[in-house]
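An overview of the molecular structure
This is what each chain is made of:
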Amino acid sequence: MKIKQTEAKRIGIYTINTQMKVIKRLKKESERMGLKPEIINYSDVHIAVSSPRKFSIYLKNEKYSLPSVILNRLPAIAPGLSLMILSHFERTRRSVIINRAFRASVARDKFRTMQVLASKGFEVPNTVLIGSSKERDLKWVVKAVGGFPAILKLTRGSLGMGVVKVENFATLRSVLDLVKRTRKPMILQQFIGIEPGVDYRFYVVGYKVVATMKRSTRKKDEFRANLALGGKGTKYIPTKDEVKLAIALANTLRLPICGIDFIRTEKGMMPIEVNVNAMIGGIEKATGVNVARKIIEYCITEREKFLGKKIRRNSQ
Ligand SMILES: Nc1ncnc2c1ncn2[C@@H]1O[C@H](COP(=O)(O)OP(=O)(O)O)[C@@H](O)[C@H]1O
Ligand SMILES: [Mg+2]
């Protein structure tokens, strides 16, 4: 199979913010590999439909022909519009999208992620989507997750912001009052773990675990292990079963590239969230693995598979 030289060099990286470190890192690494990355910012895109079955795309108001591979790097906070645009890209069938829109929309929501994983039989922490915040209802919610302390989270938070440990009703009530006006959905989750202030990040690329680190908070009174909050990342060597679990989770969620967060419990590692736009710098530093390169290499392999299938389809 032959791809045109210019097309072979193209790779689209889809984002909501071209200045993000992780985007710059992926761009640089693909350039190092001799590619010509195109950073597609959703706010520069117009999408259009017309008959019959015509799906067009404009970038900065110019007609845009999509690269044959697009790496989706939408973070959890990405607006719905950015996912709508990505679904439109999918409809054109011009490109293979790495981390498809629907799958990314599940991952960016911590409740939906737990829902899907629980439905497939994986162990997850007891989690309740908070509906009413009336006293009687809240009492029920707290009981459902096993009492205090419990973890209150925005369903679409990231970098540890939007995660609060609550020890009593007074705090729960006042935090809920604070966020009520934003109308952001919240979950209450069972506080889990046998290692306080520690979690594990498994980086999956192409449904394989390529790097794993242990993250530990450096602050005495902090329970969140996120590097963005000052946590320390160190290389971690997972067991075979842990690797299997991470791969099974990525397959269940159909996310070939993702960062899975685990907490160690008496029952083994339990997932708490899955990130589509997991940061790269910290884990590369902690493990010495060139994660960015692995991501770009995977995209190129998938592009070849996709074009190969397309050529076969057209010649049939
Ligand atoms: N159920 C839980 N029990 C104990 N600690 C938790 C729980 N959920 C989250 N944490 C801690 O809070 C951190 C941030 O939570 P996480 O769900 O990963 O959200 P974020 O998207 O902000 O990273 C985790 O890395 C972990 O250290
Ligand atoms: Mg996390």
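Further up the page is the structure itself.
Residues numbered from 1 in each chain as written. Chains lettered and ligands numbered in written order. Predicted model: local features only at pLDDT ≥ 70, side-chain atom pairs only at ≥ 80, totals over all residues. Heavy atoms only, no water.

1. Overview of the packing of helix α5 (residues 110-119) against helix α8 (residues 240-253)
Going by this rule: Fitted lines through C-alpha atoms serve as axes, helices being fitted only where they are in contact, and the angles separating the N-to-C directions of these axes extend from 0 to 180 degrees. Under the DSSP-based scheme used, a helix requires at least four consecutive residues in state H or I and a strand at least two consecutive residues in state E, with every element numbered from the N terminus. Angles are sorted into four bins: roughly parallel if under 35 degrees, roughly antiparallel if over 145, roughly perpendicular if 65 to 115, and oblique for all others. Contacts are residue-level and defined by heavy atoms, with any inter-residue pair within 4.5 Å sufficient. Gly counts as polar in this scheme, as do all residues outside two lists: the nonpolar Ala, Val, Leu, Ile, Met, Phe, Trp, Tyr, Cys and Pro, and the charged Asp, Glu, Lys and Arg.
Remark: α5 packs on α8, axes separated minimally by 10 Å, with the N-to-C direction vectors making an angle of 110°. On the basis of their axis angle, the class for α5 and α8 is roughly perpendicular. In this structure, α5 uses Thr 113, Val 116 and Leu 117 to contact α8, whose residues at the interface are Leu 249, Thr 252 and Leu 253. Across the contact of α5 with α8, the residue classes tally to 4 nonpolar, 2 polar and no charged.

2. Quick word on the pattern of salt bridges
Our working definition: Just to be clear on terms, a salt bridge is a Lys or Arg side-chain nitrogen sitting within 4 Å of an Asp or Glu carboxyl oxygen. Residue burial is assigned from relative accessible area. The probe radius is 1.4 Å, only protein chains are included, and a residue is buried under 20% of its type maximum, exposed over 50%, and partly exposed in between.
Counted under the stated rule, the structure contains 20 salt bridges. A salt bridge links Lys 110 to Glu 273; the nearest nitrogen and oxygen atoms lie 3.2 Å apart. Taken as a pair, Lys 110 in helix α5 and Glu 273 in strand β16 (residues 268-275) lie far apart in primary sequence, 163 residues in all. Considered together, Lys 110 and Glu 273 belong to a single accessibility category, that of buried residues. For Glu 135, the salt bridge identified is with Lys 139, shortest N-O distance 3.8 Å.

3. Some remarks on a nonpolar patch on the surface
Here is the rule: Patch definition: residues with relative accessible area over 30% and no salt bridge; like charges joined within 9 Å; nonpolar side chains (Val, Leu, Ile, Met, Phe, Trp, Tyr) joined within 5 Å. Residue-level accessible areas treat just the shown protein chains as cover; the underlying method is Shrake-Rupley with a 1.4 Å probe.
On the surface, Leu 159, Met 161 and Met 279 cluster together into a nonpolar patch covering about 270 Å² of accessible area. Secondary-structure assignment places Met 161 in strand β10 (residues 161-166). On the basis of relative accessibility, which here comes to 49%, the residue Met 161 falls in the partly exposed class.

4. Looking at the site of ligand 1
Put simply, the rule reads: If even one non-hydrogen atom of a residue comes within 4 Å of a molecule or strand, that residue is called near it. Each polar contact in these results corresponds to two N or O atoms within 3.5 Å; when the atoms are within protein, one needs to be able to donate a hydrogen and the other to accept it, and residues that are neighboring in sequence are counted only if both atoms are side-chain atoms. Where each domain begins and ends follows an automated or database-derived domain assignment.
In the vicinity of ligand 1 there are 22 residues, among which Lys 110, Lys 153, Gly 160, Asp 199 and Asn 226 approach most closely. The separation between a nitrogen atom of ligand 1 and a polar side-chain atom of Gln 189 is 3.0 Å. Take Asp 199: an N or O atom from its side chain is 2.5 Å from an oxygen atom of ligand 1. Summarising the interface, the protein chains cover 98% of the accessible area of ligand 1, which totals 540 Å² for the free molecule. Listing elements by their share of the shell around ligand 1, those giving two or more residues are β9 (150-158), β10, β11 (186-190), β15 (257-265) and β16. Considering each element in turn, the shell around ligand 1 owes the most residues, 4 residues, to β9. Across the shell around ligand 1, the residue classes tally to 10 nonpolar, 6 polar and 6 charged. Looking at which domains feed residues into the shell around ligand 1, each of domain 2 (126-190) and domain 3 (194-293) supplies at least three.

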